[in-house]
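Chain and residue survey
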Amino acid sequence: MSRKKILAPSILTADFSNLSQQVRSVELGGADWIHCDVMDGKFVPNLTFGPVVVKAVRKVTKLPLDVHLMIKDPDLLIKDFIHAGADWITVHQEEVVHLNRTLTMIHELGAKTGVAINPSTPISTLSEVIHLVDMVLVMTVNPGFGGQKFIENSFRKIHELIEMRKLNSADFLIEVDGGIGLDNIRKLSEAGCDAFVVGNAIYGKDNITAATMELKNLIV
Ligand code: DX5
Ligand code: ZN
């Protein structure tokens, strides 16, 4: 089954003093989603933003908001992020004890579910919730910061996930996040990934719109 390929610029490295224009620039370049990297300084050693920024981004774009919660106890804030305008809520498998309940809650609140797995987390940890998952986010760096180096053995994990999806007659998207750019996005697309989170390779460039277009053209 062929799925639409999705480019999801991460605003993690955007210029927050001009966020509306930064979002517009990736929209003009053909971005499909806006990826919002939420960090609490506990689950990861960095602190970014909360529902108030998601609400602000919601006001300036109609693109789906793909909210990646790199936070402890995400159950406490999921409702706030969905009410702020999140379309996708991705929690970390490593952090959620009652994952079945959390994913069920996200669906009941009207959003799509994502589960993120860190580089050291096997995909087998997802086996009991695979039919509650709309997307698996394969972290291709250790979470917490933009601009890190892509972890090469992520390709093996992607292949295993594709097999798991087939074996379970599941239909979740496979998203990759971290260290993605011109040098590896085409290869990741050909490997079967559906959604691509890109931060620095877009927002670290002088021409944000052109960088978005160039990456988008490599995943069609
Ligand atoms: C890591 C973040 C980053 C960000 C993208 O916690 O999730 O991966 O989205 O970062 P770049 O594309 O700059 O590596
Ligand atoms: Zn992310």
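Here goes a summary of the coordinates provided. Just so it is clear, the structure is predicted and the values come from calculations on it, not from any experiment.

Attention now goes to the overall build of the protein. Scanning the protein from terminus to terminus reveals eight helices and eight strands. Looking at the 220 residues of the protein, the share that counts as buried comes to 56%. Here the analysis covers contacts within the protein between residues at least 6 apart in sequence; of these, 66% occur between residues at least 24 apart. Total accessible area computed for the protein in this model is approximately 9800 Å², and 53% of it derives from carbon and sulfur atoms.

Attention now goes to the sheet that holds strand 1 (residues 6-9). The sheet built from eight strands is open, its strands ordered 1-8-7-6-5-4-3-2 with parallel pairing. Each edge of the open sheet is held by one strand with a lone partner, namely strand 1 and strand 2 (34-39). If you compare each strand with its neighbour and ignore which way they point, the axes differ by 20° on average. In the sheet, strand 1 pairs with strand 8 (residues 195-198) via four bridges, with the strands oriented parallel. Note on strand 8: the bridge partner recorded for A8 is V197. The strands that helix 4 (residues 99-108) touches are strand 4 (88-92) and strand 5 (112-117); relative to strand 5, the one it contacts most, it runs at about 145°.

Not every one of the 20 residues close to ligand 1 is listed here, only the nearest: D37, G144, D177, G179 and G199. G147 places a main-chain nitrogen or oxygen 2.8 Å from an oxygen atom of ligand 1. Contact distances for ligand 1 include 2.8 Å between an oxygen atom and a backbone N or O atom of N200. Here ligand 1 loses 99% of its free accessible area of 370 Å² to cover by the protein chains. Of all the elements in the fold, those that place two or more residues in the shell around ligand 1 are strand 2, strand 3 (65-70) and strand 8. Residues that form the shell around ligand 1 fall into these classes: nine nonpolar, nine polar and two charged.

Surrounding the zinc ion (ligand 2) are the protein donor atoms H35 (NE2), D37 (OD), H68 (ND1) and D177 (OD), at 2.0 to 2.2 Å. Ordering the donors of the zinc ion (ligand 2) by residue number gives the pattern H-x1-D-x30-H-x108-D. Separated by 31 residues along the polypeptide, D37 in strand 2 and H68 in strand 3 bring together distant segments of the chain. Judged on exposure class, the residue D37 and its partner H68 are both buried.

We now examine the pairing of strand 8. Residues of strand 8 alternate between two faces, with A195 and V197 on one and F196 and V198 on the opposite face, all of them buried. By the bridge criterion, three bridges tie strand 7 (residues 173-177) to strand 8 in an arrangement that is parallel. For D177, the partnering residue across the bridge sits in strand 8 and is V197. As for the winding sense of the linkage, the β-α-β connection from strand 7 through helix 6 (residues 185-190) to strand 8 is right-handed.

Bringing the nonpolar core into the picture now. Core analysis: the biggest nonpolar cluster contains 62 residues, and I11, I34, V67, L69, I89 and L188 have the highest contact counts within it. Among the elements that make up this core, the one with the highest residue count is helix 5 (residues 154-167) (five residues). If we ignore the near neighbours within four places in the chain, the residues touching I89 are V67, L69, I78, F81, I82, I106, A111, K112, T113 and G114. Core analysis: the second largest hydrophobic core is formed by eight residues, I6, W33, W88 and A195 among them.

Turning our attention to unusual backbone geometry. Positive phi outside glycine occurs at D73, with the angle close to 45°. Within the secondary structure, D73 sits in the loop between strand 3 and helix 3 (78-84). A relative accessible area of 47% places D73 in the partly exposed class. At S169, a position not held by glycine, the phi torsion is positive, near 45°.

What counts, and where the lines are drawn
- Residues numbered from 1 in each chain as written.
- Chains lettered and ligands numbered in written order.
- Predicted model: local features only at pLDDT ≥ 70, side-chain atom pairs only at ≥ 80, totals over all residues.
- Heavy atoms only, no water.
- Helix = DSSP H or I, 4+ residues; strand = E, 2+ residues; numbered from the N terminus.
- Buried < 20%, exposed > 50% of the residue type's maximum accessible area, 1.4 Å probe, protein only.
- Contact = heavy atoms within 4.5 Å.
- Areas by Shrake-Rupley, 256 points an atom, 1.4 Å probe, with all protein chains shown as cover.
- Pairing = 2+ DSSP bridges.
- Axes fitted to C-alpha atoms, helices over the stretch in contact; angles between N-to-C directions.
- Near = heavy atom within 4 Å.
- Polar contact = N/O pair within 3.5 Å; in protein donor to acceptor, adjacent residues only side chain to side chain.
- Nonpolar A, V, L, I, M, F, W, Y, C, P; charged D, E, K, R; others polar.
- Donors = N, O, S within 2.8 Å, 3.2 Å for Na, K, Ca; no water.
- Right-handed = clockwise from strand over helix to strand, strands pointing away.
- Core = buried A, V, L, I, M, F, W, Y, C linked by side-chain atoms within 4.5 Å.

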